[in-house]
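# A look at the structure
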Amino acid sequence: MAAPPGADARARPHSGLLDPGARELAPRARVAPRSIAEDRRARLALRAAGLSAQERALLAALPGGLEAHGGELWLDAPREALAALAVRSRAAALLLAAHDAAARPRDRALLVGVLNATPDSFSDGGRHADPERAVARGEELLAEGADELDVGGESTRPGAQPVPAEEELRRVLPVLRGLLPLGVPLSVDTAKAEVAARALEAGATRVNDVTAGRDPEMLPLVARAGCGYVAMHMQGEPRTMQRDPRYGDPVADVLEALRERAAAFVAAGGDPARLAVDPGIGFGKRLEHNLELLTRLGELRSLGLPLYVGVSRKSFLQAIDRRAGAARAADAPPHERLGGTAAALVACVWGGARWLRVHDVAVMAQAARAAEALAGAALPTAGEDRQSADAAGRPDT
Ligand code: HH2
């Protein structure tokens, strides 16, 4: 059996369990980073007293199985095996929840403010086409609590036509230069290496690429520059991507595509510590694909890379309203999709997203903080749990 839960120096204490049952059963869940990134094993210390003989036999039969240590049992099993068992065993389902909650990052999610210097973006097209107005909007986003600003000069909305590099540069460079004195990290939302190179010279420190490196010059460029890079998944291209997107299992397919792009980034000489991956909500995806990705976001963390997600104001939120027969909400323009965006953001936070790309920073910062608190509030840290167990006079095992 591998090192006991909690004995691994790299292990982190858990936080954010949602189900008190899981907390009862596995009060000392630990997830070592390598167990997420590499072997995906669930290593948990659990209370023997919380298990029936039947449940104990089921768990003991898992590869790796159970080992008794004093009054505790240590489980060390592949997460997938635990997930398969969770279908028919409540204890396994609770342990799975404990593992997944422990696998969530403890750092707060960071907010990326969207700044589109375009005439045709789906929700704010034309509003910041003038560089002065775009910079003023950037200042507002910063005041609202943005941790980074993402400046784009080409819309990627469904049906959008590509824009020549010179035009994209004409749109983004003055905005980046105007924002530089604010001292906030800047990213450029572009799929063109030429635009990325000039934007980096102008002060951007990250490239947000919705094509994850389809321009053959992009990955070598970002590797040479040593800048941050967001590799986003998109099926097809913006002009046609929503015509008939298809997947086997959208989560497995997106995971494999992102794994391949991450490997290409590293092969080009990129530093994995500068890489984030994005499932590309709404990019060549139907409503059910988007929902599947958002509700199973945590599975993408098996790549061991920070997740970057954009749900803000997107049309899948309108599709949800349409499906629910909420005619009034379904007719709302994108900038009124605040409630849907906030709800989707909760799923992102609970799924472990590190970066949240949003238009409405103040409201979404509030939603993100609340989502974090709600996840954490249901589960004190291991130390607090021990204290509360002691205070209640309950045995600790
Ligand atoms: N979504 C949009 C644009 N860029 N980048 C990443 N990494 N993830 C996203 O989900 C994402 C993105 C679309 O939103 P917006 O920029 O508001 O619209 P438009 O492309 O029409 O300018």
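Remember, predicted model here, so these are calculated numbers, not experimental data. (Residues numbered from 1 in each chain as written. Predicted model: local features only at pLDDT ≥ 70, side-chain atom pairs only at ≥ 80, totals over all residues. Heavy atoms only, no water.)

### Digging into the overall build of the protein
Within the protein, the regular secondary structure consists of 16 helices and 13 strands. The buried share of the protein, taken over its 397 residues, is 52%. For the protein, the share of sequence-separated contacts (at least 6 apart) that also reach a separation of at least 24 residues comes to 66%. Total accessible area on the protein is roughly 16700 Å²; 53% of this is exposed by carbon and sulfur atoms. (Helix = DSSP H or I, 4+ residues; strand = E, 2+ residues; numbered from the N terminus. Buried < 20%, exposed > 50% of the residue type's maximum accessible area, 1.4 Å probe, protein only. Contact = heavy atoms within 4.5 Å. Areas by Shrake-Rupley, 256 points an atom, 1.4 Å probe, with all protein chains shown as cover.)

### With respect to the pattern of salt bridges
In the structure shown here, the tally under the stated rule is 24 salt bridges. Where E256 meets R259, a salt bridge forms, and the shortest distance between an N and an O atom there is 3.2 Å. On the criterion of helical spacing, the pair formed by E256 and R259 is a turn pair, its members being three residues apart in helix α10 (residues 250-267). The residue E299 makes a salt bridge to R296 at a minimum N-O spacing of 2.8 Å. Look at E299 and you get partly exposed, because its relative accessible area is 25%. Connected via shared salt-bridge partners are D249, E292, R296 and E299. (Salt bridge = Lys/Arg side-chain N within 4 Å of Asp/Glu carboxyl O.)

### Some points on the site of the ligand
Surrounding the ligand, one finds 19 residues, the nearest of these being S121, T156, D278, K314 and H359. At a separation of 3.2 Å, an oxygen atom of the ligand approaches a polar side-chain atom of N116. Protein chains shield 98% of the accessible area of the ligand, which is 480 Å² for the free molecule. When atom positions are compared with the pocket grids, the ligand is found to occupy the largest pocket. Where the shell around the ligand is concerned, the elements lending two or more residues are β6 (110-116) and β10 (228-232). By residue class, the composition of the shell around the ligand is seven nonpolar, seven polar and five charged. (Near = heavy atom within 4 Å. Polar contact = N/O pair within 3.5 Å; in protein donor to acceptor, adjacent residues only side chain to side chain. 1 Å grid on protein atoms, 1.4 Å probe; cavity = no way out; pocket = protein on both sides within 12 Å on 5 of 7 lines; lining within 4 Å. Sits in = over half its atoms within 2 Å of the grid points. Nonpolar A, V, L, I, M, F, W, Y, C, P; charged D, E, K, R; others polar.)

### Some remarks on the confidence of the model for the protein
Of all residues in the protein, 84% have pLDDT values of 70 or greater, and the mean over the chain is 84. Segment residues 1-18 is flagged for pLDDT under 50; beyond a separation of four residues in sequence, or across chains, it makes 68 contacts in the model. Contacts from residues 377-397, a stretch scored under 50 in pLDDT, to residues over four places away or in other chains number 30 contacts. (pLDDT = per-residue confidence, 0-100.)

### Some details on helix α11 (residues 287-295)
Three or more residues of α11 are buried, namely L287, H289, N290, L293 and L294. Taken end-on, α11 shows its buried residues confined to a sector of 165°, consistent with a single buried face. (Arc of directions from axis to C-beta.)

### A short note on the layout of surface pockets
By volume, the largest pocket is sized at about 520 Å³. F122, R157, P158, F283 and K314 are the residues nearest the centre of the largest pocket, which is lined by 32 residues in total. Partitioning the lining of the largest pocket into residue classes produces 10 nonpolar, 13 polar and nine charged. (Points joined across faces, edges and corners; volume = space filled by probe spheres on them.)

### A closer look at the environment of H335
Within the secondary structure, H335 is located in the loop between α13 (327-330) and α14 (338-350). In this structure H335 comes out as partly exposed when scored by relative accessible area, which is 38%. Spatially, the C-alpha atom of H335 lies 9.0 Å from that of S312, the residues being 23 residues apart in sequence.

### Quick notes on the environment of A165
Mapped onto the secondary structure, A165 falls in helix α7 (residues 165-179). In this view, A165 contacts K192, E194 and V195; residues no more than four positions away in its chain are not counted.

### Points about the sheet that holds strand β9 (residues 206-209)
As summarised here, the arrangement of the eight strands in space is β11-β10-β9-β8-β7-β6-β13-β12, forming an open sheet in which the pairing is parallel. Each edge of the sheet is formed by a strand with only one pairing partner; in this case those strands are β11 (275-278) and β12 (308-309). Sheet analysis places β10 next to β11, joined by four bridges and oriented parallel. When the bridges of β11 are listed, M232 appears paired with D278. (Pairing = 2+ DSSP bridges.)

### As for the side chain of T190
Note that T190 resides in the loop between β8 (186-189) and α8 (193-201). A relative accessible area of 2% places T190 in the buried class. Excluding anything up to four places from it in sequence, T190 contacts E168, V195, A196, V207, N208, D209 and M218.

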